[in-house]
Amino acid sequence: MQHTHTEGAVMKLDGVSLTLRDVIKVARHKCQVELTEASKAQVIRSRDYVNKLLQDKKVVYGLTTGFGKFSDTYISNDDTKALQVNLIRSHACGVGAPLSEEVVRAIMLLRLNALSRGNSGIRLELLETITAMLNQNVIPVIPEKGSLGASGDLAPLSHFALVIMGEGEAYYEGKRMGGLEAMTLAGIKPIALEAKEGLALINGTQVMTAIGSIACWDALNLSKWADCIGALTYEALLGVRDAFDPETHELRPHKYQQVVANNLIQLTQGSKLITRQGEVRVQDAYSLRCLPQVHGASRDALAYIAEKLEIEINSVTDNPIIFADKDRVISGGNFHGQPIALSMDFMSIAMSEYANISERRVERLVNPQLNEKLPAFLVKDGGVQSGFMIAQYAAAALVSENKSLAHPASVDSIPSSANQEDHVSMGTIGARKAAQIVDNAYHVLAIELLCAAQAIDFRDPSLLGIGTSWVYNRCRQHVAQVTEDRVLSTDFATIANMMKDSNVLNELSSIINLQ
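Residues numbered from 1 in each chain as written. Predicted model: local features only at pLDDT ≥ 70, side-chain atom pairs only at ≥ 80, totals over all residues. Heavy atoms only, no water.

Caption draft 1: Expanded view of the overall build of the protein chain. A count of helices and strands for the protein chain gives 19 helices and ten strands. Here the C-alpha coordinates of the protein chain stretch approximately 85 × 50 × 50 Å along the principal axes. Among the 515 residues that make up the protein chain, the fraction classed as buried is 57%. Counting only contacts in the protein chain whose residues sit at least 6 apart along the sequence, the fraction spanning at least 24 positions is 78%. Here the protein chain contributes 48 positive and 57 negative side-chain charges, whose respective centroids are spaced 1 Å apart. (Helix = DSSP H or I, 4+ residues; strand = E, 2+ residues; numbered from the N terminus. Buried < 20%, exposed > 50% of the residue type's maximum accessible area, 1.4 Å probe, protein only. Contact = heavy atoms within 4.5 Å. Lys, Arg positive; Asp, Glu negative; His and termini not counted. Charge placed at Lys NZ, Arg CZ, Asp CG, Glu CD.)

Caption draft 2: Local environment of empty space enclosed by the protein. Counted under the stated rule, the structure contains one cavity of 30 Å³ or more. Here the largest cavity is characterised by a volume of approximately 40 Å³. Split into classes, the residues belonging to the lining of the largest cavity amount to six nonpolar, one polar and three charged. (1 Å grid on protein atoms, 1.4 Å probe; cavity = no way out; pocket = protein on both sides within 12 Å on 5 of 7 lines; lining within 4 Å. Points joined across faces, edges and corners; volume = space filled by probe spheres on them. Nonpolar A, V, L, I, M, F, W, Y, C, P; charged D, E, K, R; others polar.)

Caption draft 3: Main features of the packing of helix α13 (residues 291-312) against helix α14 (residues 338-366). At their nearest, the axes of α13 and α14 sit 9 Å apart, and the two run at 155° to each other. Regarding the angle of α13 to α14, the classification is roughly antiparallel. The hand of the α13/α14 crossing is left-handed. On α14, the residues that touch Leu291, Val294, His295, Ser298, Arg299, Ala301, Leu302, Tyr304, Ile305, Lys308, Leu309 and Glu312 of α13 are Ile340, Ser343, Met344, Phe346, Met347, Ala350, Met351, Glu353, Tyr354, Ile357 and Arg361. Of the residues in the contact of α13 with α14, the class split is 15 nonpolar, three polar and five charged. (Axes fitted to C-alpha atoms, helices over the stretch in contact; angles between N-to-C directions. Parallel < 35°, antiparallel > 145°, perpendicular 65-115°, else oblique. Left-handed = near helix turned anticlockwise from the far one by under 90°.)

Caption draft 4: Spatial organisation of the nonpolar core. One finds Val138, Met347 and Met499 to be the most contacted residues of the largest nonpolar core, which totals 146 residues. For this core, the element with the highest residue contribution is helix α9 (residues 206-236), accounting for 18 residues. The contacts of Met347, once residues within four sequence positions are left out, are Gly212, Ala215, Cys216, Ala219, Leu302, Ile305 and Ala434. If you look at the next biggest cluster of nonpolar residues, it comprises nine residues, including Tyr49, Leu53, Leu54 and Leu63. (Core = buried A, V, L, I, M, F, W, Y, C linked by side-chain atoms within 4.5 Å.)

Caption draft 5: Quick look at the packing of aromatic side chains. Going through the model one piece at a time under the given rule, you end up with three aromatic pairs. Between Tyr234 and Phe244, the ring centres sit 4.6 Å apart and the planes meet at 45°, which makes this aromatic pair tilted. In this pair, Tyr234 is assigned in helix α9 and Phe244 in the loop between α9 and α10 (246-250), connecting sequence segments ten residues apart. Assessed through its relative accessible area of 0%, Tyr234 is described here as buried. Classification of Phe244 by relative accessible area gives buried; the value is 2%. Across from the ring centre of Tyr442, 5.0 Å away, lies the NZ or CZ of Lys500, which sits over that ring. (Phe/Tyr/Trp six-rings, centres within 6.5 Å; stacked < 30°, edge-to-face > 60°. Lys NZ or Arg CZ within 6 Å of the ring centre and 35° of its normal.)

Caption draft 6: Quick look at the pattern of salt bridges. Under the counting rule described, the total for this entry stands at 26 salt bridges. Its salt-bridge partner being Glu194, residue Arg123 comes within 3.5 Å of it at the nearest N-O pair. On the criterion of sequence distance, the pair formed by Arg123 in the loop between α4 (101-115) and α5 (124-135) and Glu194 in the loop between α7 (179-186) and α8 (197-202) is long-range, its members being 71 residues apart. Given a relative accessible area of 14%, Arg123 falls into the buried group. Judged by its relative accessible area of 24%, Glu194 is partly exposed. Between Asp457 and Arg476 there is a salt bridge, and its shortest N-O distance comes to 2.7 Å. Note that Asp457 is positioned in helix α16 (residues 427-458) and Arg476 in helix α17 (residues 466-478), a separation of 19 residues in sequence. Both residues of the pair, Asp457 and Arg476, count as buried. (Salt bridge = Lys/Arg side-chain N within 4 Å of Asp/Glu carboxyl O.)

Caption draft 7: Seen up close, the sheet that holds strand β7 (residues 169-172). A sheet is described by the order of its strands in space; here three strands give the open sequence β5-β7-β8, paired in antiparallel fashion. What marks the edges here is a single partner per strand, and that holds for β5 (139-140) and β8 (175-178). The pairing of β5 with β7 spans two bridges and is classified as antiparallel. Within β7, the position partnered with Pro140 by the bridge is Ala170. Relative to the sheet, α7 contacts β7 and β8, its axis offset from that of β8 by approximately 110°. (Pairing = 2+ DSSP bridges.)

Caption draft 8: Region of interest: the pairing of strand β3 (residues 32-35). Burial along β3 is one-sided: the face carrying Val33 and Leu35 is buried and the face carrying Gln32 and Glu34 is not. Two strands pair when backbone bridges link them, and strand β2 (residues 10-13) and β3 are joined in this way by four bridges, in the parallel orientation. By the bridge assignment, Met11 is partnered in β3 with Val33. Once the chain exits β2 it traverses helix α1 (residues 20-27) before rejoining the sheet at β3, and the crossover so formed is right-handed. (Right-handed = clockwise from strand over helix to strand, strands pointing away.)

Caption draft 9: Geometry of the side chain of Asp491. For Asp491, the position within the fold is in helix α18 (residues 489-500). Those residues in contact with Asp491 that lie beyond four places of it in its chain are Leu450, Val479 and Arg486.

Caption draft 10: Seen up close, a nonpolar patch on the surface. On the surface, Tyr304, Phe346 and Ile349 cluster together into a nonpolar patch covering about 270 Å² of accessible area. Take Phe346: it is sitting in helix α14. Relative accessible area serves as the criterion here: at 35%, Phe346 is assigned to the partly exposed category. (Patch = residues over 30% accessible without salt bridge, like charges linked within 9 Å, V, L, I, M, F, W, Y side chains within 5 Å. Areas by Shrake-Rupley, 256 points an atom, 1.4 Å probe, with all protein chains shown as cover.)

Caption draft 11: The environment of Gln385, seen in detail. Of note, Gln385 is situated in the loop between α14 and α15 (389-405). For Gln385, a relative accessible area of 14% puts it in the buried group. Taking C-alpha positions, Gln385 is 32 Å from Ser502, a pair spaced 117 residues apart along the chain. Discounting chain neighbours no more than four positions away, the residues touching Gln385 are Val379, Lys380, Glu484 and Asp485.

Scope: geometric values only; no functional claims are made or implied.
In structure tokens form, the structure reads like this:
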């Protein structure tokens with residue numbers, strides 16, 4: 001996909017070329033945005049057409065009718081503004097803790113990008129207000145729960161729309177306050193919604209897609225770290241290098257199985273710890289030997305998920321859809337979250353497996369019956385010191401939690417709106433669960449990295465391969481060797497944050513060819 005055009009620090013939105021990287025730039029790094037001139041012109045054309053429909057008193061869903069089961073109830077011109085305001089207030093039914101600032105920024109960006117296509121029939125003024133909110137960091141308070149993931153993310157997006165109207169709550173300069181106060185302090189004038197606009201703001205998949213896009217970006221990053229950490233463990237346990245031989249993987253040519261096998265060869269290049277078949281043992285346990293097959297399968301899944309997300313972030317997902325140039329308004333179902341719901345459940349499974357196999361490697365590192373003569377629980381004076389004994393418990397707890405969270409949300413459906421909306425995706429629940437699993441997986445792999453580095457301290461860091469030596473040193477720059485028992489919780493968080501904030505591909509590119 002083409003990268004969104006940027007000039008200087010400003011990202012130009014055209015509705016068709018946003019990437020996951022762009023989402024992170026805006027959501028996490030606060031890149032400024034603006035609409036392209038072509039988008040503005042299309043938005044104006046679309047609104048002019050809607051105004052004509054209103055003047056002609058055409059019966060059009062969401063413009064001159066009620067919503068959901070009330071789609072057959074005609075609304076007069078005099079009541080259309082009240083209809084939009086009532087829609088937002090009545091639909092703001094979210095519950096639970098607020099979504100994070102970066103997720104809400106992503107939601108705002110994705111809604112803006114979708115509306116910039118000019119198929120939603122809203123005023124340019126409304127899009128300019130959202131742009132100003134995003135650029136000045138007025139962050140609506142959006143409760144995380146309450147969406148069924150069809151008819152769009154109605155409840156959470158209504159909390160976003162409230163702030164546009166000068167209602168609800170928002171964060172501004174780190175403080176939570178009334179929406180009107182936040183808009184006033186930022187110098188942004190709230191909007192009085194007109195026909196179609198309330199519906200256009202909330203009828204979309206942007207909440208599940210925003211959560212999913214950030215989680216997928218972090219998952220893709222973790223997938224590279226997983227290879228690096230797995231390679232370090234491989235050396236610590238004197239693994240057999242033959243399992244990575246390209247000839248094996250050419251016979252089963254899944255793309256990322258081959259990529260991971262090559263990554264492991266690159267990372268362990270020059271190692272004096274890794275062994276040949278028969279030197280120490282003939283073959284390794286599956287959590288070592290099957291690294292390319294297991295990591296590779298999850299990488300294949302993530303590639304599919306990223307593709308679906310990049311389609312969705314450049315899609316029009318509201319209803320009805322305006323085709324001004326063709327003099328048509330079509331009521332369809334682009335708001336249905338099923339493509340993202342399935343992808344989120346797939347991500348939950350794929351990332352659970354990274355954590356699953358990682359915890360098994362942790363067990364091999366700390367267990368004196370399995371760890372190739374390393375000290376029990378990777379500590380001197382075992383007994384007086386417990387070392388990494390309970391680190392494995394923590395990893396096991398996270399892995400077990402992931403197993404519960406990975407139960408698919410998308411196989412569930414509860415009819416709503418008097419059975420008019422009789423099949424829903426639950427994609428937003430799926431996205432929230434996937435994001436939690438990704439976070440848990442970061443911590444499990446952080447535990448493995450700390451255990452592997454500790455094991456290497458008992459071997460000899462100078463015997464490491466060219467890539468694994470870098471991985472070991474990167475860990476030790478942040479966390480020292482454990483020489484006597486200490487609180488490990490902080491170490492886990494330090495390493496997890498280090499991984500999340502790093503691009504391991506870029507950092508290793510001058511040393512080895514990692515993919």
